[in-house]
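# Residue-level structural notes
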Amino acid sequence: MSSLFFMIFQVIVIVLVAPFFDGVARSLRAKLQSRKGPPDFLQTYRDIIKYFKRNRTVPHCSHWVFRYGPYTLFGTGAALLAVIPITYSSHSLAASCSDVFVVIYLGAMLRYIFGAASIDSGNPFAGVGGSREQMLSVFVEPVMMTSLLVVMLLARTSNLVEIQEMVRSGVIGYQIPAFAVASISFLWAMYVESGRNPYDLAEAEQELQEGVLGEYCGADFSIAHAGLILKQFAMIGMFLTIFEPWSFTNPFLALIVFIVKAGVFYVAAVFIDNFGPRHKLLTSFRSNALAALGVSFVALVLYVVGA
Amino acid sequence: MTDVYLLYVLGSVVSLLLYKYNSIASKIGFGISTVASGYGAYYFFMHIGETAHFSTNIALLYNPTFSIDPVSNFFSFVITLIAFASSMYAIQYAEGYASKGSLGVMASLFNLFILSMLLVVSASDVFWFMICWELMTIISAFLICFNDSTSSMKAIMVYLGIAHLGGMCILSAFLLLAHQSGSLEFSSFTSVPMSPLLASIIFLLAFIGFGSKAGMFPFHVWLPKAHPAAPTNVSALMSGVMIKVALFGIIKFCLWLPVMEWWGLLIIVIGALSSLLGVLYALIQHDYKALLAYHSVENIGIILLGLGTGVYGIAINSPTLATVGFLAGLYHTVNHAIFKGLLFLGAGSVLHATHTREIEILGGLAKKMPYTAFAMFVGVMGIAALPPLNGFVSEWFTYQGMMQGALGEGILPRFVFTFSVIALALTGVLVVIHLKLYAVIFAGTPRNKEIFDHAKEAPISMILGMMFLVVGCFAFGIGASVVTDNIMTVVTSFSGAYQAAPEGGYIASPLGSTISLPLIAMVISGAMSLPFLIIVMMKANRTAPRETDPWACGFKYSSRMQMTAGPFTGDLRRLMDWLFQSKPTVEDQGYFKPVIYTDHPRDIWWNIFYQPVINAVAYAVDKIAVMQNGSTSVYAAYILGALCLFLAISHLI
């Protein structure tokens, strides 16, 4: 039962600290763009508190799919974080819901709610944003699945906790070429899934990922926004779990190490997303995705021929 | 078992006798089939692991003997389960057809249709199998006739044509097999010694025959034509159940014949192609019932992935691989029946309320039809395999089976299995885009005010029918370990065993991956409550939100601004244009009138596989028509000639 406690614990702690790293990323981005930026790293907390005091409007055509959208988005993001094994180990109760396919299909659930809410809002840009989000996943998912498939086949299981422990103890790892190549393509997939420039920009034009956020106000807005940040953390967590799992066995220390590692990834992504224009979906994005798909297929072929 | 069948016969006869009293006939006829199906589902579930026989002691051409083993029990359960919801739904839905035809006849045919499917899966010799098989086809074709229109007539012709081809292949396969075994009884078919070539020919004939009925690629084209043309309660049965009866045939043949490795791989490749192409074509449909029919192609593909893994497992003599493959296939069979039945019933309610199958002019119906909207929402979640609903569990098993297959030695199987896993994952992504099926119909603002104003919630029996399947979606997901346990009873009757449902609500793959669906459901619901907790703690949302128009960048909002079904998949359509070959037309009517834009992507396989055959047949018929000149004496000469020919043949052999 204690594993369930740690599962809840890890979700709550990450929910509490995620805005801090968002604040760090915003400060850093402002510095890179020669702007003044927020005064300190706590600006995102202040924003959230401010939003919670605001009143809300909703489009009168919308029904419960849109109106409860932020809460279900946040909930799915939190569930994604819960099934990533940060503080619990194998042979615990919590390990039996920490499965690669659960993570992938929870991600699908997030997109499902996102898309349905975006059309329900009646907002033209939200609909375009929802459509784009689906299209992104069409490009990303084959890459992600191929990389994960290689890892799962090497580990002979789809249980994330067991995969993590195998990589930790060196049963599988970078000494296997297929694993090493898969880590590259998965890193790409993870970066795109976290919704950053040049693939997407979470706080940019309305028709992009946050299209549906354009219709939310007040607490709804901040909850939906936080849900998307949670998803980014979950995606980074997925990468760390499989490809960089080194940590302590003590759950509290493991959580601290995880937060630091994930935070570094989250903030460091600013160095990528700040430079270069955004990709167009059917031209440069597609060629990018094809390259990543090629890399993941190399990993797959390496596995198939037994290297 | 016989009492279930007799109840259907009773329902059929009674509703025919009440031919004169239209509305009473439909209530009683569908009522009896509801009772029969409910009782049947209970009966087949309770006796799922048992074997039973019965024979009628009437000396017909053949003495009809029927026997039911665990596999038939399972399929009978699936049939009656969906028939229960669909019959209940039909009690009030059929009233819409009162002006189009006799409801008594409809109820009678409906009962017979269910009965014929049940008899197909319980037939124990070739003769009765083929009789019931053809009856099933013909009765369903009659039922499509209730939507009397030129397009449904064309659909029936295509359907019967394919069914004819399939029936021929199946009969040839049976006769070849019977020739080897020396008997028409199914019991004599097991482990008949035969050459690999002959076995392969029999397998291919059976695979094509049953596969064309199941709607696998490239024989899938009849499905999106015939299923939407039928009344909804019938489409739910056709799409949810009838195509599964064909899978029953494939399973039977694979258990009889000496299986070879490449058969399994062939089934998997066809399955992967069907699932990908099915979902891609589904995405571009404007007719929501055709969209659902294409989804059946996709799901048949997923089931074939599971069954193919099982067949491959038998071939390489790996009982656990065979078991997990068949488990996945059978689990997805019942799951697909449930959520596809649900989606068709939901679509029928929308059709009932709006009288249109065009998705692009609907919208905002959730406000008028909240229960139907909820049912469709759950149905789309189920088909998108989102945890903790039922679709997720069976896809999980399918993934596990294919992964285990990919672990084996040999480059070719590894390639086939790994690429099929990726195909299934891509299918999963594409199915999520089907949120548009829900969102465009039920969410947003109404696109056609008149339709919206006239729409009203479906009557109570229709809602009950849908809610039954909604409960099924949850129960077969969260209760996965119980379901797995029962399907394992079926699978172990012909294959090896492993502990698929360990104590404590878990489900497990032979490789040792274990998940617990109740726990996943708990985690998701717990996580869903977290944001509400935050809202309460932050004391936010104390006032109700103000309702406004959506933001349109300062312009006055119009419902024409919102997203519709076509553009939602626009990028995908451009990406995949080689597959759709759509030719958009733009007609400019001058400055003050709207531009007319049409874009109807097509199924290119129609032109590749079907059109040449249709042309050839039309040409041949044109030539043969000379023989049919209306002169009786010439016809008598034909008969005489044929008689002489057969005499000559029998003399020579």
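Residues numbered from 1 in each chain as written. Chains lettered and ligands numbered in written order. Predicted model: local features only at pLDDT ≥ 70, side-chain atom pairs only at ≥ 80, totals over all residues. Heavy atoms only, no water.

## Some words on the packing of helix 12 (residues 319-354) of chain B against helix 19 (residues 480-492) of chain B
All names here are of chain B.
- Where helix 12 contacts helix 19, the axes come no closer than 10 Å and their chain directions differ by 120°. With respect to helix 19, the axis of helix 12 lies oblique. In the crossing of helix 12 with helix 19, the sense of the turn from one axis to the other is right-handed. Counting all contacts with helix 12, which are made through Thr 323, Phe 326, Leu 327, Leu 330, Tyr 331 and Val 334, the residues of helix 19 involved are Ala 480, Val 483, Thr 484, Ile 487, Met 488, Val 490 and Val 491.
- Class assignment for the residues of the contact of helix 12 with helix 19 results in 11 nonpolar, 2 polar and no charged. (Axes fitted to C-alpha atoms, helices over the stretch in contact; angles between N-to-C directions. Helix = DSSP H or I, 4+ residues; strand = E, 2+ residues; numbered from the N terminus. Parallel < 35°, antiparallel > 145°, perpendicular 65-115°, else oblique. Left-handed = near helix turned anticlockwise from the far one by under 90°. Contact = heavy atoms within 4.5 Å. Nonpolar A, V, L, I, M, F, W, Y, C, P; charged D, E, K, R; others polar.)

## What about the confidence of the model for chain B?
All names here are of chain B.
- Of the residues in chain B, 99% reach a pLDDT of 70 or more, and the chain-wide mean stands at 88.
- Across chain B, the secondary-structure element scoring lowest on mean pLDDT is strand 1 (residues 52-55), at 80, and the one scoring highest is helix 13 (residues 370-383), at 93.
- Among the scores for the predicted complex, ipTM is 0.93 and pTM is 0.93. (pLDDT = per-residue confidence, 0-100.)

## So, the side chain of Thr 372 of chain B
Residue and element names in this part refer to chain B.
- Checked against the element boundaries, Thr 372 lands in helix 13.
- At a separation of 2.6 Å, a polar atom in the side chain of Thr 372 contacts the side chain of Glu 457.
- Sequence-distant contacts of Thr 372, that is, excluding residues within four places in its chain, are made with Gly 346, Ser 349, Val 350, Phe 442, Glu 457, Ala 458 and Met 466. (Polar contact = N/O pair within 3.5 Å; in protein donor to acceptor, adjacent residues only side chain to side chain.)

## Considerations on the interface of chain B and chain A
- Facing the 79 residues of chain B at the interface are 85 residues of chain A.
- Both sides together, the interface formed by chain B and chain A hides about 7,400 Å², and carbon and sulfur atoms give 74% of it.
- Remark: the boundary between chain B and chain A carries 1 salt bridge.
- Close ionic contact of Glu 547 of chain B with Arg 67 of chain A constitutes a salt bridge, the shortest N to O distance being 3.0 Å.
- At the junction of chain B and chain A, the tally comes to 26 residue pairs in polar contact (both at pLDDT 80 or more).
- Per-element accounting of the side of chain B that touches chain A gives the leading share, 13 residues, to helix 15 (residues 411-432) of chain B.
- Considering only residue class, the side of chain B that touches chain A consists of 59 nonpolar, 12 polar and 8 charged.
- Bridge count between strand 1 (residues 57-59) of chain A and strand 5 (residues 546-548) of chain B: 3 bridges; the pairing is parallel. What sits directly across from Thr 57 of chain A, in strand 5 of chain B, is Arg 546 of chain B. (Buried area = accessible area lost by both parts, 1.4 Å probe. Salt bridge = Lys/Arg side-chain N within 4 Å of Asp/Glu carboxyl O. Pairing = 2+ DSSP bridges.)

## Some points on the side chain of Ser 137 of chain A
- Tracing the backbone through its elements, the reader meets Ser 137 of chain A in helix 6 (residues 124-155).
- For Ser 137 of chain A, the residues in contact, after removing those within four places along its chain, are Arg 111 and Pro 142 of chain A together with Val 429 of chain B.

## Description of the packing of aromatic side chains
- In this structure the tally under the stated criterion is 69 aromatic pairs over all chains.
- Site record: aromatic cluster; members linked through ring pairs are Phe 129, Trp 133, Phe 174, Phe 186, Phe 189, Phe 210, Phe 253 and Trp 256 of chain B.
- Against the face of Phe 452 of chain B rests Lys 368 of chain B, its NZ or CZ located 4.7 Å from the ring centre.
- One cation-aromatic arrangement involves Arg 414 of chain B over Tyr 303 of chain A; the distance from NZ or CZ to the ring centre is 4.6 Å. (Phe/Tyr/Trp six-rings, centres within 6.5 Å; stacked < 30°, edge-to-face > 60°. Lys NZ or Arg CZ within 6 Å of the ring centre and 35° of its normal.)

## Digging into the packing of helix 9 (residues 218-243) of chain A against helix 10 (residues 251-273) of chain A
Residues and elements named next belong to chain A.
- Contact geometry of helix 9 with helix 10 gives a least axis separation of 10 Å together with a crossing angle of 110°. One finds that helix 9 runs roughly perpendicular with respect to helix 10. The two elements helix 9 and helix 10 meet at a crossing, and its hand is right-handed. Residues Ile 229, Gln 232, Phe 233, Ile 236, Gly 237, Phe 239 and Leu 240 of helix 9 touch helix 10, and the partners they reach there are Phe 258, Lys 261, Ala 262, Gly 263, Phe 265 and Tyr 266.
- In the contact of helix 9 with helix 10, the residues fall into 9 nonpolar, 3 polar and 1 charged.

## A closer look at the pattern of salt bridges
- In the structure shown here, the tally under the stated rule is 10 salt bridges over all chains.
- The shortest N-O distance in the salt bridge between Arg 46 of chain A and Asp 40 of chain A comes to 2.9 Å.
- A salt bridge links Lys 252 of chain B to Asp 69 of chain B; the nearest nitrogen and oxygen atoms lie 3.1 Å apart. Of the two residues, Lys 252 of chain B is situated in helix 9 (residues 232-256) and Asp 69 of chain B in the loop between strand 2 (65-68) and helix 3 (70-93); the sequence distance between them amounts to 183 residues.

## Section: the state of the cysteines
Residue and element names in this part refer to chain B.
- With the rule as written, the count across this model stands at 0 disulfides over all chains.
- The thiol of Cys 254 is unpaired, and the distance to the nearest cysteine sulfur, on Cys 169, comes to 15 Å.
- Among the residues examined, Cys 254 registers a relative accessible area of 2% and is labelled buried. (Disulfide = S-S within 2.5 Å. Buried < 20%, exposed > 50% of the residue type's maximum accessible area, 1.4 Å probe, protein only.)

## Focus on helix 24 (residues 604-624) of chain B
Residues and elements named next belong to chain B.
- With 21 residues, helix 24 ought to run about 30 Å at 1.5 Å a step, and its terminal C-alpha atoms sit 30 Å apart, in line with that.
- Largest kink in helix 24: about 45°, centred on Tyr 610, with the proline Pro 612 one to four residues after it.
- Inspection of helix 24 places Ile 604, Trp 605, Trp 606 and Tyr 610 among the buried residues, and these make up the whole buried set.
- Turning to helix 24, the residues buried within the fold contact helix 6 (150-181), helix 8 (223-229), helix 10 (261-283) and helix 23 (577-580). (Expected span 1.5 Å × (residues − 1). Bend = angle between axes of the 7 residues up to and from the residue.)

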